[in-house]
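One letter stands for each residue in the lines below.
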Amino acid sequence: MTQLISLGQKPAAPPDLVPIRFRDVAGDVLLTNPWGDWVFVSQAEFADLARGHLAAGSDVYTRLAERNFLRSKVDVEKVAAAMRNKKRFLDYGPNLHMFVVTLRCNETCVYCHASRAEMDAVHTDMTPELAEKCVDLALQTTSPAITIEFQGGEPLVAFDTVKHVVKYALQRNRAYGKDLGFTMVSNLSLMDDEKLKFLVEHKVQMCTSIDGPEPIHTKQRVLVGGSSYFESVKWIERINKAYIDLGLDPTLYHVEALLTTTRDALKKPREIVDTYINLGCRAIFLRPVDPFGFAEKTRAKIEYDRAEYREFYRTAVEHILDYNRRGEQVLERYAAIFLTKILQGEDPNFLDIRSPGGSAIGALAYNYDGKIFTSDEGRMMHETGDDSFVIGDVRTATYRGLMKHETVRALILASIREVQPDCVSCTYAPYCGVQPEHNHRTQGTLFGRMRESTLCSVHKGIQDFLFEKLRENDPKTVEILRRWTTVRERTHFVHASAAS
Amino acid sequence: MDYGVSGTLAVHTADEEVSMSDITTVLGEGTVTVEFDESFYPKDAIYGAAYVFIDRCYVHLDRAGDKRVRVTLRAKSGKPADGEALAGELQNELLGQAWRLSIAAENRQLIESITSRALGGAAGPPGLDELLAMDIDEATAFDDPLGIAMSWEEKYKKKGAADEGADAPKADASASSDAAEPNAAGEKSS
């Protein structure tokens, strides 16, 4: 919490200082400027700045000058080029296209009720004809690269549709010449050798869920007649071996696993990290539970205080850092996203943490019945009776019509940080992002109130932790954090453009 | 960094109507009424703040007197209401909406720039599908309601202009298509 500084006069910043935002971090004051540079100053230095004192040639003057905080020292061309680079995602439309090929799922998860159906609900399967229309629409994006992500339900339940989409998209893409990729989010329990062969041959990247050590995972993801954990682990190992057999680097090519942090998981930060590392995962995404996909009455059982989550996050990431200090290369995904912006000045285009957000203009979700949504979150809200984020139907929609839809315009406006109270003055504004669907779901307003936003609490907590580490400036830790910002492209999974 | 918001707030029961400061809150049977000076908040902020409650409450806006606005929230059936909490939430939302309007006005140029770039980049140029979606048939294909295909002289009846009732101007439909389907995929990025 910021302490009051007794100035004895009206604050008056030095005339050469650019607009700043500031926040207490680990006893010092963190300053950020509108283009994302940052610098720490001491409380005394900050008090001097607030009095308008800044002596040329002083230590603080030099640090401010080096970090583009002094007007007279800013390289305007360089800063402008950097800003253009960071916002380059605005030049293109959605690159992520999520296909809900079925709502049927063979697992029952504590945090996922409304967006799944029983295994006999065959009417929730996407038909091949509808799937083709989804592909046709997705390929019209202005993005030169697209990823089709198979979701559910459990996509392996509707594997024929998955296969059809892959073949049809590859064939249709000859006319478009986009860099095309496929991913599948699956619990893996319905995998078999034939399916695996197809997926590996067609370079479909696989992603699964691991909710922690076996007892937690099995309890949260109930698989009738079996262990969801052991099924997942068995296939993770098989798939990773298949990549090695292809001669791919296992540190880059392996099954990605995602954590949904539940109340039980909060108690086991170190054990969760150990579980992931033992499975060969090199990236751990410590996601808090989100408010979508289950009915309102379930929320009370699922939700938890985000202060507990922040404590969990700190303990888990400290444990990950310890692994790295011992030579194991493993990163935390949230940290990597923020650090890429903080340390590299790049925007990794993570759709939920960018400004404006990635709903519709960064991603589209296609439901089994042909309805199109601004995001998967919007699709899940539809399953709980809220149609706010339906923007069309693949049978009738045009690509430009979707992008110009009034809901899309509202989502853009609501996710520009400079529009939001709190965000506009938040020190972390250059690195952060808001998710309007989350605001709508939890607060009943697209714009949201950040003071009450659980997502804001998580984002701020993570950035506080990272800046504390940067303030400590331990060389080994900073080197590890910098390494997490190195993006290694998985080119094997890209079907390179070959327009004919 | 924490912000403090100072204001005056008085909460009374219906039985305890006390004259008050700038904001009055009256708790009734299943309702809460909040009155305030309309000059505090722009009208759009009042509408926006009241709208946030429509899923939980029936919302009534009224004028309570000279430059006073009254917002009445009546809980929908089956939805228990904490009147005091609703009143507080409404006031917080009023503040948020008003401030947001002010921020948006201050940053209008930036917001418009980002929004138009986001929409323009995502939507791309018009494609063949939009042209095909237009209501064009044999009878209307050569309509030129804006007189785009007319010469300047024809359009403004200047010297040498065609007589009234001359042949309809010919529009070249093929020239209006910016991009055929495959090209609509957009240029490559680095």
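Residues numbered from 1 in each chain as written. Chains lettered and ligands numbered in written order. Predicted model: local features only at pLDDT ≥ 70, side-chain atom pairs only at ≥ 80, totals over all residues. Heavy atoms only, no water.

Caption draft 1: Up close: the overall build of chain B. The number of helices and strands found in chain B is 5 helices and 5 strands. Secondary structure elements of chain B, listed N to C terminal, follow the sequence β-β-β-α-β-β-α-α-α-α. A sequence separation of at least 24 residues applies to 48% of the contacts in chain B between residues at least 6 apart. Per element, the accessible surface of chain B, about 12,300 Å² overall, is 53% carbon and sulfur. (Helix = DSSP H or I, 4+ residues; strand = E, 2+ residues; numbered from the N terminus. Contact = heavy atoms within 4.5 Å. Areas by Shrake-Rupley, 256 points an atom, 1.4 Å probe, with all protein chains shown as cover.)

Caption draft 2: Representation of the interface of chain B and chain A. Facing 35 residues of chain B, the contacting portion of chain A comprises 48 residues. When the two sides are added together, the surface that chain B and chain A hide from each other amounts to roughly 3,600 Å², 56% of it contributed by carbon and sulfur. The interface formed by chain B and chain A holds 3 salt bridges in total. Linking Arg117(B) and Asp91(A) is a salt bridge whose minimum nitrogen-to-oxygen distance equals 3.0 Å. At the surface where chain B touches chain A, the tally comes to 7 residue pairs in polar contact (both at pLDDT 80 or more). Only helix H2 (83–106), helix H3 (108–123) and helix H4 (128–133) of chain B provide two or more residues apiece to the side of chain B that touches chain A. (Buried area = accessible area lost by both parts, 1.4 Å probe. Salt bridge = Lys/Arg side-chain N within 4 Å of Asp/Glu carboxyl O. Polar contact = N/O pair within 3.5 Å; in protein donor to acceptor, adjacent residues only side chain to side chain.)

Caption draft 3: Molecular detail of empty space enclosed by the protein. Residue and element names in this part refer to chain A. One pass over the full model with this rule turns up 1 cavity of 30 Å³ or more. If you add up the space inside the largest cavity, you get close to 140 Å³. Along its surface, the largest cavity is lined by 17 residues, and Cys423, Cys432, Val434, Met450 and Cys456 are the ones closest to its centre. Looking at the lining of the largest cavity element by element, the count peaks at 4 residues for helix H18 (residues 454–472). Residue composition of the lining of the largest cavity, grouped by class: 9 nonpolar, 5 polar and 3 charged. (1 Å grid on protein atoms, 1.4 Å probe; cavity = no way out; pocket = protein on both sides within 12 Å on 5 of 7 lines; lining within 4 Å. Points joined across faces, edges and corners; volume = space filled by probe spheres on them. Nonpolar A, V, L, I, M, F, W, Y, C, P; charged D, E, K, R; others polar.)

Caption draft 4: Region of the structure containing the pairing of strand S3 (residues 38–41) of chain A. Burial along S3(A) is two-sided: Trp38(A) and Phe40(A) and Val39(A) and Val41(A), pointing in opposite directions, are all buried. Hairpin connection between strand S2 (residues 28–32) of chain A and S3(A): a loop of 5 residues separates the two successive antiparallel strands, and Gly36(A) in this loop has a positive phi of roughly 95°. (Buried < 20%, exposed > 50% of the residue type's maximum accessible area, 1.4 Å probe, protein only. Pairing = 2+ DSSP bridges.)

Caption draft 5: Broad picture of the side chain of Asn240(A). All names here are of chain A. The residue Asn240 is located in helix H8 (residues 228–245) in this model. Asn240 sits in the buried class, given a relative accessible area of 14%. Discounting chain neighbours no more than four positions away, the residues touching Asn240 are His254, Val255 and Leu279.

Caption draft 6: Fine view of the layout of surface pockets. If you add up the space inside the second largest pocket, you get close to 900 Å³. Looking at the second largest pocket, it is lined by 30 residues, and the ones nearest its centre are His440(A), Gly444(A), Thr445(A), Leu446(A) and Tyr51(B). The greatest single-element share of the lining of the second largest pocket, amounting to 4 residues, is contributed by helix H17 (residues 436–443) of chain A. Taken together, the residues of the lining of the second largest pocket break down into 10 nonpolar, 10 polar and 10 charged.

Caption draft 7: Seen up close, the pattern of salt bridges. Per the stated rule, a full pass over the model turns up 39 salt bridges over all chains. Between Asp59(A) and Arg63(A) there is a salt bridge, and its shortest N-O distance comes to 3.2 Å. Of this pair, Asp59(A) and Arg63(A) both sit in helix H2 (residues 59–66), separated by 4 residues, roughly a single helical turn. Judged by its relative accessible area of 22%, Arg63(A) falls in the partly exposed class. The salt bridge partner of Lys371(A) is Asp369(A), with a shortest N-O separation of 3.5 Å. Exposure remark for Lys371(A): the relative accessible area of 27% places this residue in the partly exposed category. Linked by salt bridges that have partners in common, Arg449(A), Glu452(A), Arg56(B), Glu89(B) and Glu93(B) make up one network.

Caption draft 8: Region of interest: helix H4 (residues 128–138) of chain A. Residues and elements named next belong to chain A. Restricting attention to buried positions, one finds in H4 the residues Leu130, Ala131, Cys134, Val135, Leu137 and Ala138. Projected down its long axis, H4 shows its buried positions confined to an angular sector of 165°, all on one face. In this structure, the buried residues of H4 make contact with strand S4 (96–100), strand S6 (145–151), helix H5 (159–172), strand S14 (363–366), strand S15 (371–373) and helix H15 (399–403). (Arc of directions from axis to C-beta.)

Caption draft 9: Molecular detail of the nonpolar core. Ranked by internal contacts, the top residues of the largest apolar core, which has 128 residues, are Ile148(A), Phe150(A), Met191(A), Tyr309(A), Phe467(A) and Trp484(A). Shared between two domains, this core holds at least three residues of each, these being domain 1 (21–86) and domain 2 (91–350 + 357–399) of chain A. Setting aside chain neighbours within four positions, we find Tyr309(A) in contact with Thr261(A), Leu266(A), Leu286(A), Arg287(A), Pro288(A), Tyr304(A), Tyr334(A), Val458(A) and Ile462(A). Within the second largest apolar cluster, 19 residues are counted, among which are Val34(B), Ile46(B), Leu86(B) and Leu94(B). (Core = buried A, V, L, I, M, F, W, Y, C linked by side-chain atoms within 4.5 Å. Domains from an automatic or database assignment.)

Caption draft 10: The packing of helix H13 (residues 333–344) of chain A against H18(A), seen in detail. All names here are of chain A. Relative orientation of the contacting elements H13 and H18 amounts to 60°, with a least axis distance of 10 Å. One element, H13, and the other, H18, form an angle in the oblique class. Here H13 runs over H18; the crossing is right-handed. Every residue of H18 that contacts H13 at Tyr334, Ala335, Phe338, Leu339, Ile342 and Leu343 is listed here: Val458, His459, Ile462, Gln463, Leu466, Phe467 and Leu470. (Axes fitted to C-alpha atoms, helices over the stretch in contact; angles between N-to-C directions. Parallel < 35°, antiparallel > 145°, perpendicular 65-115°, else oblique. Left-handed = near helix turned anticlockwise from the far one by under 90°.)

Caption draft 11: Structural view of the sheet that holds strand S1 (residues 21–25) of chain A. All names here are of chain A. An order of S1-S2-S3 is seen for the 3 strands of this open sheet, with the pairing classed as antiparallel. Bordering the open sheet on either side are S1 and S3, each of which pairs with just one other strand. Averaged over all pairs of adjacent strands, the angle between their axes in this sheet comes to 25°, without regard to strand direction. In the sheet, S2 pairs with S3 via 4 bridges, with the strands oriented antiparallel. Residue pairing in the sheet places Thr32 in a bridge with Trp38 of S3.

Caption draft 12: Representation of the pairing of strand S10 (residues 256–261) of chain A. All names here are of chain A. Summarising burial for S10: 5 of the 6 residues are buried, a large majority. Sheet analysis places strand S8 (residues 204–209) next to S10, joined by 3 bridges and oriented parallel. Bridging from a neighbouring strand, Cys207 pairs with Glu256 of S10. With 3 bridges connecting them, S10 and strand S12 (residues 286–288) associate as parallel partners. What sits directly across from Thr260, in S12, is Arg287.

Caption draft 13: Main features of the confidence of the model for chain B. Here chain B averages 71 in pLDDT, while 69% of its residues score no lower than 70. Here strand S1 (residues 10–13) of chain B stands out as the least confident element of chain B, with mean pLDDT 39; strand S5 (residues 68–75) of chain B is the most confident, with 93. (pLDDT = per-residue confidence, 0-100.)

Caption draft 14: Examining the environment of Leu86(B) more closely. Residue and element names in this part refer to chain B. Here Leu86 lies in helix H2. Note: C-alpha distance between Leu86 and Leu27 (59 residues apart in sequence) is 10.0 Å. Not counting residues up to four positions away in its chain, the partners in contact with Leu86 are Val32, Phe53, Arg56, Cys57, Leu73 and Ala81.

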